[in-house]
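Structure at a glance
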Amino acid sequence: MEISGEANLPFLENPKDWAGAAGTILAGDIGGTKTNLSLYSLKEAKLHPLFEKSFLTRDFETFSKLMASLSDEKLPHIDSMCLGVAGPVTGGKVVGTNFHWFLEEEKLKNELNIPLVSLINDMEANAYGLAVLKDKDFRIIKEGEGYKGNAALLSPGTGLGEAGMFWDGKTFHPFATEGGHCDFSPRDELDINFLKFLQQEFGHHVSWERIISGPGILNIYKFLREYREVKEPKWFTKLMQEQDPAAVISQCAGEKRYPLCAEVMNLFQRYLAIETAQVALKFKATGGIYIGGGILPKIMGIFDSEKFNKDFLQMNRMNPLLEKMGIKVILNENSPMYGAAFYAAKQFLNNQNKPE
């Protein structure tokens, strides 16, 4: 992961109060597929990148064993660490949703000899990171009317993350949710048949994450292949065995090599629009909606903004409210890492500023 330049700390109300603080900050973005780590030097209320590395999460039994693999890097003493984790954090503990790690703040402090350790949901970290992204880091897919208010964040990737940002009249306060695990809500006959198809594999409860994610793209494909009674081409079967299925499907949709793939991606986009609208209403996100994750930046070439907005505005009496909300796709994958770094820095600075 590439990080360049210096990152300001936008959450500081009075940065000059901590101008003399100095320390070393470790930030982590832990997901079901990858774990990204970055090390920063904190000087004069700015973070200066020192080190960055990416790992496959499945290659390590625990986070501590991953850290042990860095022994040759000769890392300096770390003053504060924050990990954004893809899973529900409760009481300083979290079990990964799509991976087997169990993490606990107090245990990590002792094992890694780090005085300040914070675990937050990866979506909360992502929301914090939005504060420093530039215009070039976004693609606007729907203009808003500029109202101030709460904001929302959705991130389709290995799973489906969702978070809110409460607006207090002056600034945003990110908070995590597990909304991606709420029930898929079918609207027409095709959706109902899809739900029945998914229930055969996953049981009565079928979440949005089973659909709006990388594995979800594969689920849509399997359903449509059976529902349309399509015979899969041999060349496609071979590609699916050799490469990531979701990537193969989206690539073939873009190349128009296999018509069913185009229908899969159109349906994926429709479902994303519907769930985006539902989240927007639940959070009353007049401050904007952000779509992150690893999927959308890779499929923008086949993304139909006009169709997405049409599917987004299908909430009957609430359409006038949805029309006021802007929607942006996050193109910079570093957002969760920045957010975790800022959170770790904030904890360090607050600790430094405690009265004697």
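Coordinates for the structure precede this section.
Structural notes, computed from the coordinates. (Residues numbered from 1 in each chain as written. Predicted model: local features only at pLDDT ≥ 70, side-chain atom pairs only at ≥ 80, totals over all residues. Heavy atoms only, no water.)

**Topic: the nonpolar core**
Ranked by size, the top nonpolar core spans 56 residues in total, and within it Tyr271 and Leu296 carry the most contacts. Ranked by the residues each element gives to this core, the list is headed by helix H8 (residues 259-283), at 14 residues. Those residues within four positions of Leu296 in sequence are excluded, and the remaining contacts are Phe268, Leu272, Ile291, Phe303 and Val329. One finds Leu66, Met67, Leu83 and Val85 within the second-largest nonpolar core, a separate group that totals 24 residues. (Core = buried A, V, L, I, M, F, W, Y, C linked by side-chain atoms within 4.5 Å. Buried < 20%, exposed > 50% of the residue type's maximum accessible area, 1.4 Å probe, protein only. Helix = DSSP H or I, 4+ residues; strand = E, 2+ residues; numbered from the N terminus. Contact = heavy atoms within 4.5 Å.)

**Observations regarding unusual backbone geometry**
In the Ramachandran plot, Glu229 falls in the positive-phi region, its phi being about 55 degrees despite a non-glycine side chain. Locating Glu229 in the fold gives a position in the loop between helix H5 (214-227) and helix H6 (234-242). Positive phi outside glycine occurs at Lys284, with the angle close to 45 degrees. Relative to the elements of secondary structure, Lys284 occurs in the loop between H8 and strand S13 (289-291).

**Focus: the sheet that holds strand S12 (residues 172-176)**
Spatially, S9-S14-S13-S10-S11-S12 is the arrangement adopted by the six strands of the open sheet, whose pairing is mixed. Strands with a single pairing partner mark the edges of an open sheet, and in this sheet they are strand S9 (138-142) and S12. Put simply, the sheet's adjacent strands are angled 25 degrees from each other on average, direction ignored. In terms of strand pairing, strand S10 (residues 151-156) meets S13 through three bridges, oriented parallel. When the bridges of S13 are listed, Leu153 appears paired with Tyr290. Across the sheet, helix H3 (residues 122-129) touches S10, strand S11 (160-167), S12 and strand S14 (327-330), and the angle it forms with S10 is around 120 degrees. (Pairing = 2+ DSSP bridges. Axes fitted to C-alpha atoms, helices over the stretch in contact; angles between N-to-C directions.)

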